[in-house]
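# What the coordinates show
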Amino acid sequence: QVQLVESGGGLVQAGGSLRFSCVASGRTYAMGWFRQAPGKEREVVAAISWSGGTAYYPDSMKGRFTISRDNAKNTVFLQMNSLKPEDTAVYYCAATNRLGVVVLTANYAYWGQGTQVTVSS
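Report on the accompanying structure. For clarity, every value in this text was computed on a predicted model and none was experimentally measured.

Cut-offs applied
- Residues numbered from 1 in each chain as written.
- Predicted model: local features only at pLDDT ≥ 70, side-chain atom pairs only at ≥ 80, totals over all residues.
- Heavy atoms only, no water.
- Core = buried A, V, L, I, M, F, W, Y, C linked by side-chain atoms within 4.5 Å.
- Buried < 20%, exposed > 50% of the residue type's maximum accessible area, 1.4 Å probe, protein only.
- Helix = DSSP H or I, 4+ residues; strand = E, 2+ residues; numbered from the N terminus.
- Contact = heavy atoms within 4.5 Å.
- Pairing = 2+ DSSP bridges.
- Phe/Tyr/Trp six-rings, centres within 6.5 Å; stacked < 30°, edge-to-face > 60°.
- Lys NZ or Arg CZ within 6 Å of the ring centre and 35° of its normal.
- Polar contact = N/O pair within 3.5 Å; in protein donor to acceptor, adjacent residues only side chain to side chain.
- Salt bridge = Lys/Arg side-chain N within 4 Å of Asp/Glu carboxyl O.
- Axes fitted to C-alpha atoms, helices over the stretch in contact; angles between N-to-C directions.

### Observations concerning the nonpolar core
Core analysis: the biggest nonpolar cluster contains 28 residues, and Leu4, Trp33, Phe65, Leu78, Met80 and Tyr91 have the highest contact counts within it. For this core, the secondary-structure elements that each account for two or more residues are strand E3 (18-24), strand E4 (31-36), strand E5 (43-48), strand E7 (65-70), strand E8 (75-80), strand E9 (89-95) and strand E11 (115-120). Excluding anything up to four places from it in sequence, Phe65 contacts Arg35, Val45, Tyr57, Leu78, Gln79, Met80, Asn81, Leu83, Asp87 and Tyr91. With 7 residues, the next largest nonpolar core counts Ala30, Ala47, Val102 and Tyr108 among its residues.

### Some thoughts on the pairing of E7
With burial as the criterion, only one face of E7 is covered, namely that bearing Phe65, Ile67 and Arg69; the residues Thr66, Ser68 and Asp70 on the opposite face remain uncovered. Counting the residues between successive antiparallel strands, the hairpin from E7 to E8 contains 4 residues, one of them, Asn74, with a positive phi of roughly 50 degrees.

### With respect to the packing of aromatic side chains
One pass over the structure, following the stated rule, counts 7 aromatic pairs. The structure contains a cluster of three or more aromatic residues connected by ring pairs, namely Phe34, Tyr92, Tyr108 and Trp111. The residue whose ring lies beneath Arg42 is Tyr92, and the NZ or CZ to ring-centre distance is 3.8 Å. In this structure, Arg42 is placed above the aromatic ring of Trp111, and the distance from its NZ or CZ to the ring centre is 4.8 Å.

### Side note on the environment of Tyr108
By the element assignment, Tyr108 lies in the loop between E9 and strand E10 (110-111). Through-space distance from the C-alpha of Tyr108 to that of Tyr56 is 15 Å; in sequence the pair is 52 residues apart. Among the polar contacts made by the side chain of Tyr108, one reaches the main-chain carbonyl oxygen of Met31 at a distance of 3.4 Å.

### Some thoughts on the pattern of salt bridges
In this structure the tally under the stated criterion is 4 salt bridges. Where Arg35 meets Asp87, a salt bridge forms, and the shortest distance between an N and an O atom there is 2.8 Å. You can see Arg35 sitting in strand E4 and its partner Asp87 sitting in the loop between E8 and E9, a full 52 residues away along the chain. Note that Lys62 and Asp59 form a salt bridge whose closest N and O atoms lie 3.2 Å from each other. Among the ionic contacts, a cluster of salt bridges with common partners joins Arg35, Glu43, Arg64 and Asp87.

### Examining the sheet that holds E7
With respect to topology, 4 strands assemble into an open sheet ordered E1-E3-E8-E7, the strand pairing being antiparallel. The strands lining the two open edges of the sheet, one partner per strand, are strand E1 (4-7) and E7. On average, adjacent strands in this sheet sit at an angle of 15 degrees to one another, irrespective of strand direction. Examined bridge by bridge, E1 and E3 share 4 bridges and lie antiparallel to one another. Looking at E3, one finds that Glu6 is bridged to Cys22.

Okay, here's the thing in structure tokens:
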């Protein structure tokens, strides 16, 4: 059983930046970051392959969010820039046993506890 511990997040003004870290208790493969706003479904914001060589971003996050990883430390990062009020949500780190980029929520086996991000206008 892999446990994921997130850090980062918080309150920021529009246009600001935040950085997340997620440390896994064991070896993980493909990983991703998701978010869920009140009344909405959980959605992917970034995903990265096991090697770190391939990443995926939805169009609304391209150019603003960057996912990266350090496999030696079992850690994945999410850098979020140019934040908007609509980015307000609970953000989750997730891990899967697959090697390539995974974007579907259902294909992730392990989840972090979730961290609130609030972007004020």
